[in-house]
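Okay, here's what each chain looks like letter by letter:
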Amino acid sequence: MRLSKAILICFYGLLIGCNSNPSSRPGHITSDSSAIAKGENIFNQNCSACHSISADGIGPALGGITADVSADWVKKFIRDPKAVIESGDERAEDLFEKYKTVMPSFAYYSDQDIAGVIGFLHKQKAPEQKIVTVGDVKPLANPIPEGITMSDLEVGLELVLQMPATSVEKPLTRITKIYPHPNTGELFILDLRGKLYRLLSKQPSVYMDMAELMPKFINKPGHATGFGSFAFHPEFENNGLLYTTHTEAAGSAKADFDYADTIKVTLQWVVSEWKTQHPKGFPFKGTRRELFRVNMLNQSHGVQEVVFNPMAKRGSEDYGLLYIGIGDGGSAENRILHLSKGPETIWSSILRIDPLGRNSVNGQYGIPEGNPFANSSNPKALGEIYAFGFRNPHRIAWSQSGQMLASNIGQHNIEELNVILPGQNYGWPHREGTFVINLLESTRNLFPLSSDKGVDNSIYPVAQYDHDEGNAIIGGFEYTGPSVPELAGKYLFGDMVNGRLFYIEMANLQPGVQTQMKEWQISLNGKRTSFKALCEDERLSLRFGKDQKGEIYLSTMPDGKIYRIVSARHL
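Model, not experiment: these values are computed from the prediction. (Residues numbered from 1 in each chain as written. Predicted model: local features only at pLDDT ≥ 70, side-chain atom pairs only at ≥ 80, totals over all residues. Heavy atoms only, no water.)

Visitor: Residue-level account of the overall build of the protein chain, with values.
Guide: Along its length, the protein chain carries eight helices and 28 strands. Evaluated residue by residue, the protein chain yields a buried proportion of 61% over its 571 residues. Sequence separation of at least 24 residues holds for 67% of the intrachain contacts in the protein chain that already meet a minimum separation of 6. A total of about 22,800 Å² of accessible surface is found on the protein chain, and carbon and sulfur atoms cover 49% of it. (Helix = DSSP H or I, 4+ residues; strand = E, 2+ residues; numbered from the N terminus. Buried < 20%, exposed > 50% of the residue type's maximum accessible area, 1.4 Å probe, protein only. Contact = heavy atoms within 4.5 Å. Areas by Shrake-Rupley, 256 points an atom, 1.4 Å probe, with all protein chains shown as cover.)

Here it is, written out as structure tokens:
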């Protein structure tokens, strides 16, 4: 068994297993209401991003867990899951091989806290289990049996810096974006916990502290909340405008995009415009204007990307238009399917807005005339939407030739990279990658396509891989820098959890047609290595960054280290 395969926080996936007699399982389960209430809160903060009670999510539903495993076993696993797996525990080993996942230790929680979590789960009913086929076709056991080819490419890294810790517990940082100022070229580095840094002479200094500026700012529950993204307006040196996304608690203010009040709201994502009268000033000082806020069912798959097209030139249609990636908020795995209803709902989409305009419904931003649904014959279509059908359009970038690419983090099986075309449907929740989802059953199982025409006329990804290879794609960039000509024309990306690194050749891209992915290796100071070895952690939270010259950076959250690509060779 190779623990190097462990790739994602997954609680229940490693807890459930062979059924046995509950009466034979030791361990007291608390019935104290205050302990259970606290346990529910801990569950919401640490587990609900991947798991719901009644429906499969990234991991299976958690209802009925205490009917299948003992409270003592659950407690031991929460405290040190890796040790339980390595001890030879049959259930842990079997399910580790099935899910290829391991969760981090939660040893810092007290016995009382863990007892509260178990007590909360004990009160939840097991969901009804049913397997639904598509005709006579059974679910695919391994959607993509072919592995990703290892190339002969080895890329040399240089350690740039280690970012200041924003927590005493791992991960020490939550670095999520590294991107240049459009005018000065200075690098800015974002930590989800609320700080935007400017990098000057390899020294990071806090440019914006969201917690200080926004009293209702939260970076909990979970790993996908906080200060989500930032984008300087391409005319920042003249207009002083900066755009951000961040999370606030449910009910902090009236949402511009909401849903029936019978459906839970976990938190709100807020898109803001900031204006400073002193664009060259440091740190940031200015005023804020809210563009819109969105209610979210879950803490994951939120508004984690805002970006301007860096290839757009002054005077072109796309210049100054802001792209915003909005995930499904966990709605699909929780069976709230109408929240991802194509161009009629804001979730599961990429927006394009004119932040300087005012013709939106709420009057706070503009809808560009050239947007595909701006003048739709469908009265329910939202003019803001540029493309739709994404579970989590986590990163957006443009190629040197002007192609727009977006990585889409999948659910149970497929991670995908898409070339984005205006007005097109990219499949979710009816499809994951080039496979069909039977929504009568769950979002876990995939089925082969019945024809080559797609589902709902949706567009296929240009690259995809299944969870034999990784668990969460992290989008990157086409290399356009001058320092490493061997990488010219390659789009570099990877798996954010296990740290594997991939590339595709941009010259081969055709929208909706899969191109070959290849894996590449790294070295540091001339010695072959990997990010798992460098970071000494199983869950890396890898991110890609890019500077104004087109050079590529990579970072890992657990240790807060940032590297730059400085060389490449073919072995």
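That covers the picture; the talk isn't over yet.
Visitor: Provide a residue-level description of the side chain of Thr515, including the pertinent values.
Guide: As for its placement among the helices and strands, Thr515 is situated in the loop between β23 (501-505) and β24 (518-524). Thr515 has contacts with Val462, Ile504, Asn508 and Leu509, leaving out every residue within four places of it along the chain.

Visitor: So, unusual backbone geometry: which residues are in play, and what are the values?
Guide: For the peptide bond that leads from Lys170 to Pro171, omega is 0°, which places it in the cis range. Mapped onto the fold, Pro171 is located in the loop between β1 (149-162) and β2 (175-180). Look at the link from Trp428 to Pro429: it is a cis peptide, with omega at 5°. Along the chain, the position of Pro429 falls in the loop between β16 (414-419) and β17 (431-432).

Visitor: Explain the nonpolar core to me, and be specific about the residues and the numbers.
Guide: Generally speaking, a soluble globular protein has its nonpolar side chains buried in company with each other. Ranked by size, the top nonpolar core spans 74 residues in total, and within it Trp520, Phe531, Phe544 and Ile565 carry the most contacts. The element contributing the most residues to this core is β23, with four residues. Residues contacting Phe531, with those up to four places away along its chain left out, are Leu157, Gly499, Leu501, Ile522, Glu536, Leu540, Leu542, Leu554, Thr556 and Tyr563. Residues Phe257, Met296, Val303 and Phe373 belong to the second largest nonpolar core, which totals 32 residues. (Core = buried A, V, L, I, M, F, W, Y, C linked by side-chain atoms within 4.5 Å.)

Visitor: Break down the sheet that holds strand β6 (residues 227-232) for me, with residues and values.
Guide: Spatial strand order, β6-β7-β8-β9: four strands in an open sheet with antiparallel pairing. Looking at the sheet topology across the chains shown, the edges are occupied by β6 and β9 (287-296). Put simply, the sheet's adjacent strands are angled 20° from each other on average, direction ignored. (Pairing = 2+ DSSP bridges. Axes fitted to C-alpha atoms, helices over the stretch in contact; angles between N-to-C directions.)

Visitor: Tell me about helix α5 (residues 111-122), residues and numbers included.
Guide: With twelve residues, α5 ought to run about 16 Å at 1.5 Å a step, and its terminal C-alpha atoms sit 16 Å apart, in line with that. Residues of α5 that are buried include every one of Asp113, Ile114, Gly116, Val117, Ile118, Gly119, Phe120 and Leu121, and no others. (Expected span 1.5 Å × (residues − 1).)

Visitor: Could you give me a rundown of the packing of helix α2 (residues 71-79) against α5, with the residues and numbers involved?
Guide: For any two helices packed against each other, one specifies the crossing angle of their axes together with the interaxial distance. Where α2 contacts α5, the two axes come as close as 10 Å, and the packing angle between them is 125°. Considered as vectors, α2 and α5 are oriented oblique to each other. Our pair here, α2 against α5, has a crossing hand that is right-handed. Here α2 contributes Ala71, Val74, Lys75, Ile78 and Arg79 to the contact with α5, which in turn contributes Asp111, Ile114 and Ile118. In the contact of α2 with α5, the residues fall into five nonpolar, no polar and three charged. (Parallel < 35°, antiparallel > 145°, perpendicular 65-115°, else oblique. Left-handed = near helix turned anticlockwise from the far one by under 90°. Nonpolar A, V, L, I, M, F, W, Y, C, P; charged D, E, K, R; others polar.)

Visitor: Would you mind going over the side chain of Arg352 in detail, with residue names and values included?
Guide: One can find Arg352 in strand β12 (residues 349-353). Under the relative-accessibility criterion, Arg352 is labelled buried at 3%.

Visitor: Explain the pairing of β9 residue by residue, including any values.
Guide: As a general feature of sheets, a regular strand has side chains that alternate between the two faces. For β9, a buried count of seven out of ten residues is recorded, marking the element as mostly surrounded by other parts of the structure. Of the pairings in the sheet, the one linking strand β8 (residues 267-275) to β9 comprises nine bridges and is antiparallel in character. Residue Trp274 lies in a different strand from β9, and its bridge partner there is Arg288.

Visitor: Run through the packing of aromatic side chains, naming residues and quoting values.
Guide: Summed over the entire model, instances satisfying the criterion amount to 21 aromatic pairs. Plain terms: the ring middles of Phe188 and Tyr207 are 5.2 Å apart, the flat faces sit at 75° to each other, and that makes the pair edge-to-face. Note that Phe188 is positioned in strand β3 (residues 187-191) and Tyr207 in strand β5 (residues 203-209), a separation of 19 residues in sequence. On the basis of relative accessible area, Tyr207 is assigned to the buried category, the value being 5%. Aromatic side chains Tyr323 and Trp398 sit 5.1 Å apart centroid to centroid with 65° between the ring planes, which places their arrangement in the edge-to-face category. (Phe/Tyr/Trp six-rings, centres within 6.5 Å; stacked < 30°, edge-to-face > 60°.)

Visitor: Tell me about the pattern of salt bridges, residues and numbers included.
Guide: Tallying each qualifying case throughout the model produces 22 salt bridges. Notably, a salt bridge pairs Asp113 with Lys38, separated by 3.0 Å at the nearest N-O pair. Within this pair, whereas Asp113 is found in helix α5, its partner Lys38 is found in helix α1 (residues 33-46), the two being separated by 75 residues in sequence. Close ionic contact of Arg293 with Glu290 constitutes a salt bridge, the shortest N to O distance being 2.8 Å. Judged by relative accessible area, which is 3%, Arg293 ranks as buried. One salt-bridge network, held together by shared partners, links Glu248, Arg288, Glu290 and Arg293. (Salt bridge = Lys/Arg side-chain N within 4 Å of Asp/Glu carboxyl O.)

Visitor: Which residues make up the environment of Met404, and what values go with them?
Guide: Here Met404 is to be found in strand β15 (residues 404-408). For Met404, a relative accessible area of 4% puts it in the buried group. The spacing of Met404 and Leu421 is 17 residues in sequence and 7.7 Å in space, taken between C-alpha atoms.

Visitor: An account of the pairing of strand β26 (residues 542-546) is needed here, citing residue identities and associated values.
Guide: Among the five residues of β26, five are classified as buried, and the element is accordingly described as predominantly covered. By the alternation rule, side chains of β26 split into Leu542, Phe544 and Lys546 and Arg543 and Gly545, which are all buried. As paired elements, β26 and strand β27 (residues 552-556) share five bridges and run antiparallel to each other. Note that in β27 the partner of Gly545 across the bridge is Tyr553.

Visitor: Which residues make up the environment of Leu339, and what are the values?
Guide: Along the chain, Leu339 falls in the loop between β11 (322-326) and β12. Sequence-distant contacts of Leu339, that is, excluding residues within four places in its chain, are made with Tyr259, Ser331, Thr345 and Trp347.

Visitor: Tell me about the sheet that holds strand β19 (residues 446-447), and please be specific about residues and values.
Guide: Read across the open sheet, the three strands follow the order β17-β18-β19; overall the sheet is antiparallel. Taken across any chain shown, the strands that pair with only one partner, and hence form the sheet edges, are β17 and β19. Sheet analysis places β17 next to strand β18 (residues 435-437), joined by two bridges and oriented antiparallel. Within the sheet, the bridge partner assigned to Glu432 lies in β18 and is Phe435.

Visitor: Please give an account of α2 that cites residues and values.
Guide: Residues Ala71, Trp73, Val74, Phe77 and Ile78 constitute the buried set of α2. For α2, the buried positions fall inside an angular range of 160° around the axis, keeping them on one side. (Arc of directions from axis to C-beta.)

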